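# Notes for the structure review
Chain by chain, the residues run as shown.
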Amino acid sequence: MKAVRIHTFGGPEVLSLDEVPLPQPRDDEVTLKVCAASVNPIDSKTREGSAGGDLPVTLGRDVSGVVELCGTRAHTLKKGDPMFAMLGHGRGGNAEYVVVKATEAAAKPERLSHVEAAAVPLAGVTAWQGLFDHGDLKSGQRVLIHGGAGGVGHLAIQFAKAAGAFVATTVAAEDFDFVRKLGADQAVDYKNQRFEDEVEDIDMVFDLVAGDTQDRSWNVLKPGGILVSTVSEPTAEQARLHQARGVSYLAEPNAAQLARISRLIDAGKVTPFVQATYPLEEIAKAEERLEREHTRGKIVVEVAA
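All residue numbers here refer to positions counted from 1 along the written sequence of the relevant chain. Local features are withheld for residues below a pLDDT of 70 in this predicted model, meaning they are given only at 70 or higher, and side-chain atom pairs are given and counted only at 80 or more; totals for whole chains, interfaces and linings count all residues. Only hydrogens and water are removed before side-chain values are computed, so all heavy atoms of the structure are retained for them.

## Quick notes on the environment of Ser-248
Topologically, Ser-248 is positioned in strand β14 (residues 245-248). Distance in space between the C-alpha atoms of Ser-248 and Leu-280 is 33 Å, their sequence separation being 32 residues. Any N or O atom pair separated by 3.5 Å or less is treated as a polar contact, with the protein-specific requirement of one donor-capable and one acceptor-capable atom, and with residues adjacent in sequence counted only for side-chain atom pairs. In terms of polar contacts, Ser-248 uses its side chain to reach the side chain of Glu-233, at 2.6 Å. Only DSSP runs of H or I with at least four residues qualify as helices, and only runs of E with at least two residues qualify as strands; both kinds are numbered from the N terminus onward.

Set out below in structure tokens:
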């Protein structure tokens, strides 16, 4: 089969389309024929060497496809079943086939194409775990999501609204209509407005930006509120000063959460947005675009029809 791998660290130019053996499933695993995969910032970090790992490695953490082979304990699945998955470390989705563990995959949402479904797993699980596992967001609470137009952010807005929260978000002015259609109650232009002058009494800040944005976020939190970040560790000192809590985390595959997200999608409460698609052979262009341009939603790589 074909797989996009890196044999050395560097820019998009180090991506290589290789011929590799078809992976075989064991126990409750399945081999998925990949129809589509998405590109994520973690792919660039891995490719550049900042995320560690051994070489050669196939990149790509989320996929949508159909079951090709079943392990000996994958009794509930059969060839042709449509699935989507957030992959753990060590197996990449930028390939024609990939082994998927039972803890990583769920049935693909019926109302989505494989291209649309591939945009969901990593960003969706990241958003879900940030909002609910770490932020403990509840109906009636107020959440501020930094970077609401991006891959994680645009799903986080929809999850928070489905949970009954008031949602404010920082985005560029050109993304106001986009995030309002997703359900955002308040949009703040991060280029021309100071969000701390526009929002207040926030129960949870979901930080997808870091830096100065995170530092200023403490000022909008209620006493007892929480700042949750996917990108940098909030300082304990700032948390104490503002009578708040801070936490950072790395998302982990979770099949049960992915299944819940799938049900929200099929209920019409959540819709992923795919800004652009590329064929597998042009994945370097997809990664370069993600790195250099402002992206709404996700960029997806089409692997098979």
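## Digging into the environment of Lys-45
Mapped onto the elements of the fold, Lys-45 is located in helix α1 (residues 41-48). When checking whether two residues touch, look at their non-hydrogen atoms; a contact exists if any pair is within 4.5 Å. Every residue in contact with Lys-45, bar those within four places of it in the chain, is listed here: Ser-50 and Ala-51.

## Some words on the pairing of strand β3 (residues 30-38)
Three labels apply to residues, based on accessible area from a 1.4 Å probe with only protein chains included: buried if under 20% of the type maximum, exposed if over 50%, partly exposed otherwise in between. Across the 9 residues that make up β3, a large majority, 8, are buried. Only when DSSP finds a minimum of two bridges between them are two strands counted as paired. Across 7 bridges, the pairing between β3 and strand β5 (residues 62-70) is antiparallel. By the bridge assignment, Lys-33 is partnered in β5 with Val-66. Direction of pairing for β3 relative to strand β7 (residues 97-100): antiparallel, over a ladder of 4 bridges. Opposite Val-30, over in β7, you have Val-100 as the bridge partner. Both β3 and strand β16 (residues 298-302) contribute to a ladder of 3 bridges, which runs antiparallel. Its bridge partner lying in β16, Ser-38 is registered against Val-300.

## A short note on the pattern of salt bridges
In the sections that follow, a salt bridge refers to a side-chain nitrogen of Lys or Arg positioned within 4 Å of a carboxyl oxygen of Asp or Glu. Going through the model one piece at a time under the given rule, you end up with 18 salt bridges. Notably, a salt bridge pairs Arg-296 with Asp-175, separated by 2.5 Å at the nearest N-O pair. A residue pair is termed long-range when its members are at least 10 positions apart, and Arg-296 in the loop between α10 (283-292) and β16 and Asp-175 in the loop between β10 (166-171) and α5 (176-182) qualify at 121 residues. Exposure remark for Arg-296: the relative accessible area of 25% places this residue in the partly exposed category. Relative accessible area serves as the criterion here: at 0%, Asp-175 is assigned to the buried category. A salt bridge links Glu-288 to Arg-292; the nearest nitrogen and oxygen atoms lie 2.9 Å apart. Residue Glu-288 and its partner Arg-292 are located together in helix α10, separated by 4 residues, close to a single helical turn. Here the residues in one salt-bridge network are Arg-47, Glu-48, Glu-287 and Glu-291, joined through shared partners.

## Description of the side chain of Lys-298
Mapping Lys-298 onto the fold places it in strand β16. We classify Lys-298 as buried; its relative accessible area is 4%. Beyond its immediate sequence surroundings of up to four residues, Lys-298 is in contact with Ser-38, Val-39, Asn-40, Asp-62, Ala-119, Ala-123, Gly-151, His-154, Phe-273, Val-274, Gln-275 and Ala-276.

## Focus on helix α9 (residues 255-266)
In this model α9 runs 16 Å from its N-terminal to its C-terminal C-alpha over 12 residues, within 8% of the 16 Å that 1.5 Å per residue would give. All of the buried residues along α9 are Ala-255, Gln-257, Leu-258, Ile-261, Ser-262, Leu-264 and Ile-265. Of the surrounding elements, those touching the buried residues of α9 are β6 (82-86), β8 (105-107), α3 (121-134) and α4 (151-162). By this rule, a helix spans an expected 1.5 Å times one less than how many residues it contains.

## Details of the nonpolar core
Side-chain atoms within 4.5 Å are what join buried Ala, Val, Leu, Ile, Met, Phe, Trp, Tyr and Cys residues into a set we call a nonpolar core. If you look at the biggest cluster of nonpolar residues, it comprises 43 residues, and the most contacted ones within it are Leu-131, Val-143, Phe-159, Val-179 and Phe-206. Excluding anything up to four places from it in sequence, Phe-206 contacts Thr-126, Ala-127, Gly-130, Leu-131, Leu-144, Ile-145, His-146, Val-152, Ala-156, Val-228, Thr-230 and Tyr-249. Of all hydrophobic cores here, the second largest spans 29 residues; its members include Val-57, Val-67, Ala-105 and Ala-286.

## A few points about the pairing of β16
Most of β16 sits inside the fold, with 4 of its 5 residues counted as buried. Pairing geometry for strand β15 (residues 274-279) and β16, over 5 bridges, is parallel. Looking across to β16, one finds that Thr-277 is bridged to Val-300. With respect to chirality, the unit in which β15 leads through α10 into the neighbouring parallel β16 is right-handed. With the strands pointing away from the viewer, any crossover whose connection runs clockwise from the first strand over the helix to the second is right-handed.

## Details of the packing of aromatic side chains
Planes of paired rings set the category: under 30 degrees apart is stacked, over 60 is edge-to-face and the rest tilted, where pairs are Phe, Tyr or Trp rings (Trp by its six-membered ring) whose centres lie within 6.5 Å. By the definition in use, this model includes 3 aromatic pairs. With centroids separated by 5.4 Å and ring planes inclined at 75°, the aromatic side chains of Trp-128 and Phe-159 adopt a geometry described as edge-to-face. Of the two residues, Trp-128 sits in helix α3 while Phe-159 sits in helix α4, which places them 31 residues apart along the sequence. Neither residue differs from the other here; Trp-128 and Phe-159 are each classed as buried. Note on criteria: charge over ring means Lys NZ or Arg CZ within 6 Å of the ring centre, with the direction from the centre no more than 35 degrees off the ring normal. The positively charged end of Arg-142 is found above the aromatic ring belonging to Phe-166, 4.4 Å away from the centroid.

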